[in-house]
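Residue-level listing of the chains:
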Amino acid sequence: MVLTVDVGNTRIKAAVFEGSTVLESFVFEKKELEKKIKKILKKFQNCSDLVVASVGTIEKQSFLAFEKQLKLHFLSHEDVFPFVNKYATPKTLGIDRMVLAAGATLQYPNQNRLVIDAGTCITYDFIDENDQYLGGAIAPGLRLRYESLHNFTARLPLLDLEEPQSYIGNTTAQAIHSGVVNGFVYEIDGFIDEYRANFSNFIIILTGGDADFLAKRLKNTIFANSNFLLESLNQTFQYKINND
Ligand SMILES: Nc1ncnc2c1ncn2[C@@H]1O[C@H](COP(=O)(O)OP(=O)(O)OP(=O)(O)O)[C@@H](O)[C@H]1O
Ligand SMILES: CC(C)(CO)[C@@H](O)C(=O)NCCC(=O)O
Ligand SMILES: [K+]
C-alpha cells in the first residue's frame, strides 16, 4: 500500500492506494498534517511507502518523523519522469505540474495531452505526442479571483462562489459573480479552442478543487477527475521504482 500526499497552496489532499485502486482519500488543513497522517497510517498499517509532492510551505523535514514507519519519497526535480522537459526553466517548474504531466503521459500514451488543474491557481500543462512537456500557463483560480477583487480594492465585498444570473450583472454582487465565474469559464474555453486550433487528436484532463463546477459550464465537453493529481503521484512513484 502507498500513501500519496499532495500539499497544495490551500489544502492538503491524501489517498491510500493498493495497486492502482484508491482505498480512501482525505482532505485536510496544513496545521493538521501530522495528526491526520498518523491517523491514516494507524488505519492502514500495511502502507510501505509515503509519496509526497509539495508546492506549499511544507518541506521535507515535516515528513521525516514518518521514516521510522515507512519509506519516504519526497518528489523533486531530481526524480525520473516519463517525459522530456522542454520548459526553459525546468528547476522552477512546480512539482505538482510535473506530477500531472507524468500521470497524463503514463495514462494516455502516444497522443497530445492537455492537463487543466483548476485549484488555487489554474495551471495548463501540455505534453505532445512525442512525450515532450512544452509548458502551459498559470492563472489565478476561482477563489483567488474573488479574494483579489476584494483585497486590492476599497469597495468590492468578498463574496462566496455563486452562479451568475446573467453575463450582464446588474448589481455589484452580480457584476462580480459574472466577472469571476463567466470570466473563468470563457478563459478556459478560449485556451482549449487555441490548443484545438493548433493540435489535432488530443485529450484534455480536468482536475483540481473547481473541476466539477467547471466541467458543467464549459462549452467543450470534458470529464473531470478531481483525484488525478493523487493518481498521478501513485503512477509517478510506480514509474520511479521501475526506472531508478
Ligand atoms: N473547502 C475548500 N477550501 C478551499 N477551496 C475550496 C474548498 N472547496 C472547494 N474549493 C475550491 O477549490 C479551489 C482550490 O482548489 P484546490 O483545493 O485544488 O487547491 P489547493 O489545495 O491549493 O491545491 P493546489 O495548490 O494544488 O491548487 C478554490 O478555488 C475553491 O473554489
Ligand atoms: C503554479 C503553482 C502555484 C500551482 O500549484 C505551482 O505549480 C508552482 O508553484 N509552480 C512554480 C512555477 C512554475 O510552475 O513555473
Ligand atoms: K493548481
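Residues numbered from 1 in each chain as written. Chains lettered and ligands numbered in written order. Predicted model: local features only at pLDDT ≥ 70, side-chain atom pairs only at ≥ 80, totals over all residues. Heavy atoms only, no water.

Participant: So, the domain arrangement of the protein chain: which residues are in play, and what are the values?
Facilitator: On domain assignment, one finds that the protein chain holds domain 1 (2-74) and domain 2 (84-233). Across the boundary between the two partners, domain 1 contributes 15 residues, which contact 9 residues of domain 2. Carbon and sulfur atoms supply 73% of the area buried between domain 1 and domain 2, which totals about 950 Å² over both sides. The largest per-residue losses of area from domain 1 upon contact with domain 2 belong to D6, A53 and V55, which jointly make up 36% of the total buried on that side. (Domains from an automatic or database assignment. Contact = heavy atoms within 4.5 Å. Buried area = accessible area lost by both parts, 1.4 Å probe.)

Participant: Can you explain the sheet that holds strand 10 (residues 202-207)? Please cite residues and give values.
Facilitator: Taken in spatial order, the 5 strands make up an open sheet running 6-9-8-7-10, and their pairing is mixed. Strand pairing shows two members of the sheet lacking a second neighbour, strand 6 (84-85) and strand 10, which therefore form its edges. Summarising the sheet, strand 8 (residues 121-127) and strand 9 (residues 132-140) pair through 7 bridges and their orientation is antiparallel. Within strand 9, the residue paired with C121 across the bridge is P140. Running over the sheet, helix 2 (residues 95-107) touches strand 6, strand 7 (112-118), strand 8, strand 9 and strand 10 and is turned about 45° from strand 8. (Pairing = 2+ DSSP bridges. Helix = DSSP H or I, 4+ residues; strand = E, 2+ residues; numbered from the N terminus. Axes fitted to C-alpha atoms, helices over the stretch in contact; angles between N-to-C directions.)

Participant: Describe the UniProt feature "active site" (unreviewed entry) in the protein chain, naming the residues involved and giving the relevant values.
Facilitator: Following the UniProt record, one finds the feature "active site" (unreviewed entry) at D96. Its place among the elements puts D96 in helix 2. Residues contacting D96, with those up to four places away along its chain left out, are V55 and L229. (UniProt positions renumbered as here; feature names shortened; annotations may be inferred.)

Participant: Describe the site of ligand 1, listing the residues and the values that go with them.
Facilitator: With respect to spatial proximity, the complete set of residues near ligand 1 consists of G8, N9, T10, R11, K13, G119, T120, L142, R143, G208, G209 and D210. A distance of 2.7 Å separates an oxygen atom of ligand 1 from a polar backbone atom of N9. A distance of 2.6 Å separates an oxygen atom of ligand 1 from a polar atom in the side chain of D210. For ligand 1, the accessible surface in isolation is 630 Å², of which the surrounding protein chains cover 76%. Of the residues assigned to the shell around ligand 1, the class counts are 1 nonpolar, 7 polar and 4 charged. Both domains that furnish three or more residues to the shell around ligand 1 are identified here as domain 1 (2-74) and domain 2 (84-233). (Near = heavy atom within 4 Å. Polar contact = N/O pair within 3.5 Å; in protein donor to acceptor, adjacent residues only side chain to side chain. Areas by Shrake-Rupley, 256 points an atom, 1.4 Å probe, with all protein chains shown as cover. Nonpolar A, V, L, I, M, F, W, Y, C, P; charged D, E, K, R; others polar.)

Participant: Now, about the sheet that holds strand 1 (residues 2-7): what can you tell me, with residues and values included?
Facilitator: Taking strand neighbours across the sheet as the criterion, the 5 strands line up as 3-2-1-4-5 in an open arrangement whose pairing is mixed. Where the open sheet ends on each side, the last strands, each with one partner, are strand 3 (21-28) and strand 5 (71-74). For this sheet the average axis-to-axis angle between neighbouring strands, irrespective of direction, equals 15°. Relative to strand 1, helix 6 (residues 228-243) is tilted by about 125°, and along the sheet it contacts strand 1, strand 2 (12-18), strand 4 (49-54) and strand 5.

Participant: Describe helix 6, listing the residues and the values that go with them.
Facilitator: Its 16 residues place the ends of helix 6 22 Å apart at the C-alpha level, agreeing with the 22 Å of an ideal helix rising 1.5 Å per residue. Those residues of helix 6 that sit buried are F228, L229, L230, E231, S232, L233, N234, T236, F237 and K240. (Expected span 1.5 Å × (residues − 1). Buried < 20%, exposed > 50% of the residue type's maximum accessible area, 1.4 Å probe, protein only.)

Participant: Outline the nonpolar core, listing residues and values.
Facilitator: Residues I116 and I188 are the most contacted members of the largest nonpolar core, which totals 28 residues. Of all the secondary structure elements, the ones that give two or more residues to this core are strand 7, strand 8, strand 9, helix 3 (142-151), helix 4 (172-198), strand 10 and helix 5 (211-215). Ranked by the residues each element gives to this core, the list is headed by helix 4, at 8 residues. If we ignore the near neighbours within four places in the chain, the residues touching I116 are I122, T123, Y124, I188, I192, I204, I205, L206 and T207. Core analysis: the second largest hydrophobic core is formed by 25 residues, I95, I127, Y133 and I205 among them. (Core = buried A, V, L, I, M, F, W, Y, C linked by side-chain atoms within 4.5 Å.)

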